[in-house]
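Spelled out, the chains give:
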Amino acid sequence: MRDTKRIKAVIFDLDDTLISWEKLAHMSWREFNRPKYDRIHDLVTQWGHTLPPKEQFADVINELNRQSWEKALETGRAEGLAAVLLRGLAFCGVDTADLTPQPILEAYQWEPLPGVTPFPDAHAVLEAIQAQGYKIGLITNAYQPMWMRDNELAHYDLLRFFTARITSGDTGFLKPHPAVYWRMLGLLNLMPHEAIFVGDRPTHDIQGAHSVGMTAVLMAPPYLNHDLGGQTPDFTIASLSELLPILEQLG
Ligand SMILES: [Mg+2]
């Protein structure tokens, strides 16, 4: 059967697009990450290295994380989590030349954020999109490697839907940099006019999708109030279910 659909793929942002941060538990990034920093401390000291006390080690890594993310937002170039952690260990006096990042990342053990859950219609909408023959992609502005966020997607039972998934940490670029969109299109083997992008941040998701020529849908659930920042989404939806008639319309 010849597929005559113009749109062949729907590419999603993750945070506040497929999973809702509305009820994110009130805790600081440092508080959330502290057990992760402690596990890395345990691992690296088990390897025979000397580190400052856990409290100070957590301060160092947390500050480097913060600086790295701020710089990434400013420059559009994303440093991966492994690089930040190795830099933190080097700052604490560890000779990192022979350290392999994988066990350190595994000790970090990324996990779902407390209070974050998929939007109630996420599974049904993704199932419908998949059943209609669309490929489904994911681009997230995250500095973790995708395999870490995959653990989270599996926890939410969302992993099964995606043909391709990338994080900015993996690609080295943050949305709205066009490179991250081209990378995804390459993975899906599609041209920009064959895909639509759905995301909640006008100046990341919408601007980037438009910069490569993709149709861009703004996810604007009632609890979010992002400034449009001069961007004009092609469509705006308040819930994921509203995507289905849009896809029908785009044919
Ligand atoms: Mg988002």
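Let us look at the structure shown here. Because the structure is predicted, anything quoted here is derived from the model rather than measured. (Residues numbered from 1 in each chain as written. Predicted model: local features only at pLDDT ≥ 70, side-chain atom pairs only at ≥ 80, totals over all residues. Heavy atoms only, no water.)

## What to know about the overall build of the protein
Right, so step 1: The helix and strand inventory of the protein stands at 10 helices and eight strands.
Right, so step 2: Compactness check: the protein gives a C-alpha radius of gyration of 19 Å against a globular reference of 18 Å for 251 residues, within 12% of the reference.
Right, so step 3: Dimensions of the protein, computed from the C-alpha atoms along their principal axes, are close to 60 × 35 × 35 Å.
Right, so step 4: Here the contacts in the protein between residues at least 6 apart in sequence split such that 69% fall between residues at least 24 apart.
Right, so step 5: Summed over all atoms, the accessible surface of the protein reaches about 11500 Å², with 53% contributed by carbon and sulfur.
Right, so step 6: Considering the protein, the positive charge centre built from 21 side chains and the negative charge centre built from 31 side chains are found 4 Å apart. (Helix = DSSP H or I, 4+ residues; strand = E, 2+ residues; numbered from the N terminus. Rg over C-alpha atoms; globule rule 2.2 N^0.38 Å. Contact = heavy atoms within 4.5 Å. Areas by Shrake-Rupley, 256 points an atom, 1.4 Å probe, with all protein chains shown as cover. Lys, Arg positive; Asp, Glu negative; His and termini not counted. Charge placed at Lys NZ, Arg CZ, Asp CG, Glu CD.)

## Side note on the environment of D42
Right, so step 1: With respect to the helices and strands, the residue D42 is situated in helix α1 (residues 29-46).
Right, so step 2: Judged by relative accessible area, which is 32%, D42 ranks as partly exposed.
Right, so step 3: Each C-alpha atom, one on D42 and one on D227, is 43 Å from the other, the two residues being 185 residues apart in sequence. (Buried < 20%, exposed > 50% of the residue type's maximum accessible area, 1.4 Å probe, protein only.)

## Topic: the packing of aromatic side chains
Right, so step 1: Here the structure, examined in full by the defined rule, presents six aromatic pairs.
Right, so step 2: Site record: aromatic cluster; members linked through ring pairs are W29, F32 and W110.
Right, so step 3: Lying across the ring of F32, K36 places its NZ or CZ 4.8 Å from the centre.
Right, so step 4: Just above the ring of Y108 sits the side chain of K36; from NZ or CZ to the centre is 5.8 Å. (Phe/Tyr/Trp six-rings, centres within 6.5 Å; stacked < 30°, edge-to-face > 60°. Lys NZ or Arg CZ within 6 Å of the ring centre and 35° of its normal.)

## Thoughts on the coordination of the magnesium ion
Right, so step 1: Surrounding the magnesium ion are the protein donor atoms D13 (OD), D15 (O) and D200 (OD), at 2.1 to 2.2 Å.
Right, so step 2: Sequence spacing of the donor residues for the magnesium ion, all on one chain, is D-x1-D-x184-D. Considered together, D13 and D15 belong to a single accessibility category, that of buried residues. (Donors = N, O, S within 2.8 Å, 3.2 Å for Na, K, Ca; no water.)

## Regarding the sheet that holds strand β6 (residues 195-199)
Right, so step 1: Taken in spatial order, the six strands make up an open sheet running β5-β4-β1-β6-β7-β8, and their pairing is parallel. With one partner strand each, in any of the chains shown, β5 (164-167) and β8 (235-237) form the two edges of the open sheet. Across the sheet, the axes of successive neighbouring strands diverge by a mean angle of 20 degrees, strand direction being ignored.
Right, so step 2: Note that strand β7 (residues 215-219) and β8 share three bridges and pair parallel. Counted as the bridge partner of V217 is F235 from β8.
Right, so step 3: Where helix α6 (residues 146-155) meets the sheet, its contacts fall on β4 (135-140) and β5, and the angle it forms with β5 comes to roughly 120 degrees. (Pairing = 2+ DSSP bridges. Axes fitted to C-alpha atoms, helices over the stretch in contact; angles between N-to-C directions.)

By themselves, these are just geometric observations and shouldn't be taken as functional.
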